[in-house]
Amino acid sequence: MNDLKDIISRNLVSLRTGARLTQLQLAEMLNYSDKAVSKWERGEAIPDIRVLMRIAEIYGVTLDDIVRDGSVTPQVLPKKKINGKRVFITAMSSVLVWFIATGLFTMFYFIPATAKYAYLVFVVAPLPTSIVLTVFSAKWGNRITNAVSTSMILWSCVLIFHIFVLTFSEFTQIYFLYLVAAVFELLIILWFTYRWYSANKGKKSKNNNSDGEN
């Protein structure tokens, strides 16, 4: 029985990593928790026959492929479903930022001392919006969404700095700021590219070690 658990757990890991799915993504496809998927992959439990059949269907393999000893790879790449609830929460959180910004704009607009600069609230709003998106991306997103949201923070800061300097000072030679920001953008791209490369290299190394053991 323990041997069967080990075989199934190895094959489940191999199939999931080969399909480039996270435990959470697979769990959502199966309507199970990611903790259950983790237990299966650690060999602490075996999915029931209906779940195993569903897993085989997702990866385009047979039930026999999952329960027999030997290397197994997915024959199809499953479509990753977009979680509507998470998209809704992220969207509503972003809208909330702009709702608050609109309230602040209205308040400042009707105060004579600040009416002239009330529009700056909307200049600042993209920064907290970007931060909100980055937080949710770190929790639910992937490397692409993380890179995009991080870039949004960078360029939001550039926009704020640019407009505030032009508004409150006579200094106009600020376009060099975009050159500096472009360098930071390049660093962001290189960083996330490096992380992607390291993750893929780690997966290949792990798969090669598993093949060697088999």
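Worth saying up front: this structure is predicted, and the values here are computed from it rather than measured. (Residues numbered from 1 in each chain as written. Predicted model: local features only at pLDDT ≥ 70, side-chain atom pairs only at ≥ 80, totals over all residues. Heavy atoms only, no water.)

Trainee: Is there a simple way to think about the side chain of Ser130 in this case?
Mentor: Looking at where Ser130 falls in the secondary structure, it is placed in helix H8 (residues 126–140). A relative accessible area of 1% places Ser130 in the buried class. At 3.2 Å, the side chain of Ser130 and the side chain of Ser156 are in polar contact. Aside from chain neighbours lying at most four places away, what touches Ser130 is Ser149, Met152, Ile153 and Ser156. (Helix = DSSP H or I, 4+ residues; strand = E, 2+ residues; numbered from the N terminus. Buried < 20%, exposed > 50% of the residue type's maximum accessible area, 1.4 Å probe, protein only. Polar contact = N/O pair within 3.5 Å; in protein donor to acceptor, adjacent residues only side chain to side chain. Contact = heavy atoms within 4.5 Å.)

Trainee: Would you mind showing me how to read unusual backbone geometry here?
Mentor: Glycine aside, residues mostly have negative phi angles, and peptide bonds mostly take the trans form. Although it is not a glycine, Arg20 adopts a positive phi angle of roughly 60 degrees. Tracing the sequence through the fold places Arg20 in the loop between helix H1 (2–18) and helix H2 (23–30). Phi is positive for Asn31, close to 60 degrees, though the residue is something other than glycine. One can find Asn31 in the loop between H2 and helix H3 (34–41).

Trainee: Looking at this model, I keep getting lost on the nonpolar core. Mind explaining?
Mentor: What tends to happen in soluble globular proteins is that the nonpolar side chains get buried as a cluster. In terms of nonpolar packing, the biggest core is built from 21 residues, with Leu30, Trp40, Ile55, Tyr59, Val61 and Ile66 touching the most fellow members. Those elements giving two or more residues to this core turn out to be H1, H2, H3 and helix H4 (49–59). Sorting elements by how many residues they give to this core places H4 first, with six residues. Residues contacting Tyr59, with those up to four places away along its chain left out, are Leu15, Arg16, Ala19, Leu21, Leu26, Pro74, Gln75, Val76 and Pro78. Counting residues in each nonpolar core, the second largest holds five residues, with Val158, Val165, Ile174 and Ala181 among its members. (Core = buried A, V, L, I, M, F, W, Y, C linked by side-chain atoms within 4.5 Å.)

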